[in-house]
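Here is what each chain is made of, one letter per residue.
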Amino acid sequence: MNGKDTTVRTRFAPSPTGYLHIGGLRTALYAYLFARKHGGKFILRIEDTDRTREVKGAVDIIISAMQKAGMDYDEGPIVGGDFGPYVQSERKEIYLKYAHELVARGGAYYCFCTKERLEELHANGATKYDKHCLNMSKKEIDERIARGEPYVIRQNIPEHGTSTYHDEVFGDITVDFKDLEDNILIKTDGMPTYNFANVIDDHLMGITHCIRGVEYLMSTPKYNLLYDAFGWERPVYVHLQPIMRDATHKLSKRDGDAGFEDFLRKGFLPHAIVNYIALLGWNPKDNREKLSMSELVELFSIDGLQKSSSIFDETKMRWLNSLYIKEMPQQEFHAAALPFYAEYGIDKCACDLEYLSELLQPRVEILSDIKEKAAFLTAFDTTAKTPFDLALFENKKWKTDAAMAKSIMDDCIEITKSATTDLGEKLNALAEAKGLKKGQVLWIYRIALTGAAATPGGGEEMVKLFGKPAALERLEKVKSAL
RNA sequence: GCCACUAUAGUCUAGCGGUUAGGACGUUGGCCUCUCACGCCGAAGACCCGGGUUCGAUUCCCGGUGGUGGUGCCA
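As the structure is a prediction and not an experimental result, all values here were calculated from the model.

Draft legend 1. Main features of the overall build of chain A. When its secondary structure is counted, chain A shows 19 helices and 11 strands. Here chain A has a C-alpha radius of gyration of 33 Å; the compact-globule value for 482 residues is 23 Å, and the former is much larger. Counting only C-alpha atoms, chain A reaches 110 × 50 × 40 Å along its principal axes. Out of the 482 residues belonging to chain A, those deemed buried represent 49%. Once local pairs closer than 6 in sequence are excluded, the contacts in chain A between residues at least 24 apart make up 72%. Carbon and sulfur atoms form 51% of the exposed surface of chain A, whose accessible area is close to 22,800 Å². Mean positive and mean negative side-chain charge positions of chain A (63 and 71 charges, respectively) differ by 3 Å.

Draft legend 2. Examining the sheet that holds strand β3 (residues 108-111) more closely. The strand order β3-β4-β7 describes an open sheet built from three strands, whose pairing is antiparallel. Either end of the sheet is taken by a strand with one partner, and the two such strands are β3 and β7 (184-186). Averaged over all neighbouring strand pairs, the angle between strand axes comes to 45°, with direction disregarded. By the bridge criterion, two bridges tie strand β4 (residues 152-155) to β7 in an arrangement that is antiparallel. Each bridged residue has a counterpart across the sheet, and for R154 the counterpart in β7 is I184.

Draft legend 3. How the structure looks around the protein's contact with RNA strand B. RNA strand B sits among 60 residues. The nearest are K187, E289, R363, T455 and G457. At the protein interface, 72% of the atoms of RNA strand B within 4 Å belong to sugar or phosphate. Within the side chain of K316, an N or O atom sits 3.0 Å from a base nitrogen of RNA strand B. Between RNA strand B and the protein, one listed contact pairs a sugar or linking oxygen with a backbone N or O atom of P362 at 3.0 Å. Among the elements of the structure, β11 (310-311), α11 (314-326), α17 (438-450) and α18 (459-466) are those that each provide at least two residues to the surface near RNA strand B. Among the residues forming the surface near RNA strand B, the class breakdown is 22 nonpolar, 19 polar and 19 charged.

Draft legend 4. Structural view of the packing of aromatic side chains. The tally for this structure, following the rule as stated, stands at 17 aromatic pairs. Ring geometry for F230 and W232: centres 4.3 Å apart, planes at 15°, overall stacked. By the burial criterion, F230 is buried, and W232 matches it. Against the face of Y129 rests R154, its NZ or CZ located 3.8 Å from the ring centre. The ring of Y324 carries K290 above its face, with NZ or CZ at 4.6 Å from the centroid.

Draft legend 5. Geometry of α11. Counted at 1.5 Å a residue, the expected span for α11 with its 13 residues is 18 Å, and the 18 Å between its end C-alpha atoms agrees. Buried residues of α11: M317, L320, N321, S322, Y324 and I325, and no others. Backbone nitrogen of T315 and a side-chain oxygen of the N-cap are separated by 3.1 Å at the start of α11; the cap is D313.

Draft legend 6. Spotlight on the pattern of salt bridges. Counting across every chain of the model gives 36 salt bridges. Among the ionic pairs, D176 bridges to K178, the shortest N-O distance being 3.7 Å. Ionic contacts of the salt-bridge type, sharing partners, join the residues R11, R45, E47, R91, D201 and D202 into one network.

Draft legend 7. Geometry of the nonpolar core. By size, the foremost hydrophobic cluster in this structure holds 150 residues, and its most contacted members are F196, I273, F312, F393, M409 and L465. Broken down by element, the residue count for this core peaks at 10 residues, all from helix α1 (residues 22-37). Once residues lying within four places of it in the same chain are set aside, the contact partners of F196 are Y95, Y98, A99, L102, L185, I186, L226 and F230.

Draft legend 8. Representation of the side chain of E47 in the model. With respect to the helices and strands, E47 occurs in the loop between β2 (41-44) and α2 (58-68). On the accessibility criterion, E47 (9% relative accessible area) is buried. There is a polar contact of 2.9 Å between the side chain of E47 and the side chain of R45. Once residues lying within four places of it in the same chain are set aside, the contact partners of E47 are A13, P14, S15, P16, Q88 and Y194.

Draft legend 9. Structural context of the state of the cysteines. The final tally for this structure, using the stated rule, is one disulfide. A sulfur-sulfur distance of 2.2 Å marks the disulfide that ties C349 to C351. Here C113 stays free of any disulfide, with the sulfur of C133 as its closest cysteine sulfur at 3.5 Å.

Draft legend 10. Quick peek at the pairing of β3. Residues A108 and Y110 line one face of β3 and the alternating positions Y109 and C111 line the opposite face, and both faces are buried. Sheet topology note: the β3/β4 ladder contains four bridges and is antiparallel. Following the sheet pairing, Y109 is matched in β4 by R154.

Draft legend 11. Spatial organisation of the packing of helix α15 (residues 402-418) against helix α19 (residues 468-481). Packing of α15 against α19 leaves a shortest axis separation of 10 Å and a crossing angle of 170°. What the angle tells us is that α15 and α19 run roughly antiparallel. Contacts from M409, D410, C412, I413, T416, K417 and S418 of α15 reach α19 at K468, L472, L475, E476, V478 and K479.

What counts and how
- Residues numbered from 1 in each chain as written.
- Chains lettered and ligands numbered in written order.
- Predicted model: local features only at pLDDT ≥ 70, side-chain atom pairs only at ≥ 80, totals over all residues.
- Heavy atoms only, no water.
- Helix = DSSP H or I, 4+ residues; strand = E, 2+ residues; numbered from the N terminus.
- Rg over C-alpha atoms; globule rule 2.2 N^0.38 Å.
- Buried < 20%, exposed > 50% of the residue type's maximum accessible area, 1.4 Å probe, protein only.
- Contact = heavy atoms within 4.5 Å.
- Areas by Shrake-Rupley, 256 points an atom, 1.4 Å probe, with all protein chains shown as cover.
- Lys, Arg positive; Asp, Glu negative; His and termini not counted.
- Charge placed at Lys NZ, Arg CZ, Asp CG, Glu CD.
- Pairing = 2+ DSSP bridges.
- Axes fitted to C-alpha atoms, helices over the stretch in contact; angles between N-to-C directions.
- Near = heavy atom within 4 Å.
- Polar contact = N/O pair within 3.5 Å; in protein donor to acceptor, adjacent residues only side chain to side chain.
- Nonpolar A, V, L, I, M, F, W, Y, C, P; charged D, E, K, R; others polar.
- Phe/Tyr/Trp six-rings, centres within 6.5 Å; stacked < 30°, edge-to-face > 60°.
- Lys NZ or Arg CZ within 6 Å of the ring centre and 35° of its normal.
- Expected span 1.5 Å × (residues − 1).
- Salt bridge = Lys/Arg side-chain N within 4 Å of Asp/Glu carboxyl O.
- Core = buried A, V, L, I, M, F, W, Y, C linked by side-chain atoms within 4.5 Å.
- Disulfide = S-S within 2.5 Å.
- Parallel < 35°, antiparallel > 145°, perpendicular 65-115°, else oblique.

Structure representation (structure tokens):
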């Protein structure tokens, strides 16, 4: 990039909110893919300069989510690295040092304005800070600091002129300085704001490509002013449009389940989620949609990034998830299904759970579909005289009804008793002997076994699922009910 | 309010001056089939509006409109 021989270094810099948002995960993913694609480093940095929003355990949540998503980072909390610490709250002195240097260079200044004065300013129609403290004498500054007056350090933005930079997805962006404010770099508590820490860290950590949300598109010239003031090289900028919940709302944790972990809990597979969000706002140049992490790494390119925002479509993610479920090894699917069986009380059903998994695997899109797909297990009330509504035997297409069921139930029971692997053949023979269609016998047989209009499999599968003794018990119940 | 970004079917997208506007999800018709699901074959469905530029605009320019973002001692 930039024609320079530099090793690519990208970072994901979340603030620890207590969960990993889907939008954040995608930003992380693109930064990760870009770094891996170019054989560079991917860094995790925690942006926790707002101490009032501290959430305990939040960093661990982010790290574990990234692990599950298959994104390993080269430097960051826990693993360390040559440019640490990687948690901003532990870098306070570093920011202060650079802030003072910036003041000395004229790029920033001390400001003692009170909240009251600032409010008055805005009440009088001002849209931005009036540089009131800009030309304060060194003497006065020292005195007021010595007196213990609270102060902040503000960036000194030129009053006139414009600034242009190149964004890899949006092209050249020009911003007029008059639309920018002398924002605060160091707060009264001595901590930096994002506006400052971000630049200092990106430079100190050698970040070459700054991949982040569009919310920073307009303020980037301010950051460039900082890079320039220190004589540092600016990074390459890549701004990303947000993921939306609908046309007018951003996907947000508050409005529902926008957390990565929430989707995991619903039975989405980590990689299906990653695969899906990779395609939200980016596309490889061919029509492939199901892509492994290594394929994503191989195909990722900034020019496939979308300039407009995209709406999150859980339905499509379900489809992608179903593709991954179908290709899981049977045992793996079974293991993944077990916790859901337990949650829905299915683990206590009198049936072969492993076989149930076999039947369910091609039929569920996400693991929590198991609840609905396994509901048929309780359709047959083994304790009632009439185990289910006998009207279920009626089928328009096959012209079956309870009377027909009654006429063959004895044979069904006999066949079930004697059959080994030839159950299907014997049922066919029964149909022939009775002058019925195969479908009629099979429909009646399956209904009699389950009491459910729809089941994940046919009559033969149901016998196997319940086991022969239980199946016979069911048929006997139906017989007496008829 | 001011500033910026953005705009192809319901959704995700391909397209980069001339195309029957391509693919996917979803929807839908059919086949397969003892039900469900899978699978297979079809169908419907889009270039925000108005001006330019051009022989010709979905594509380039301007304006409008819609949407989003920024305008925080949040990031």
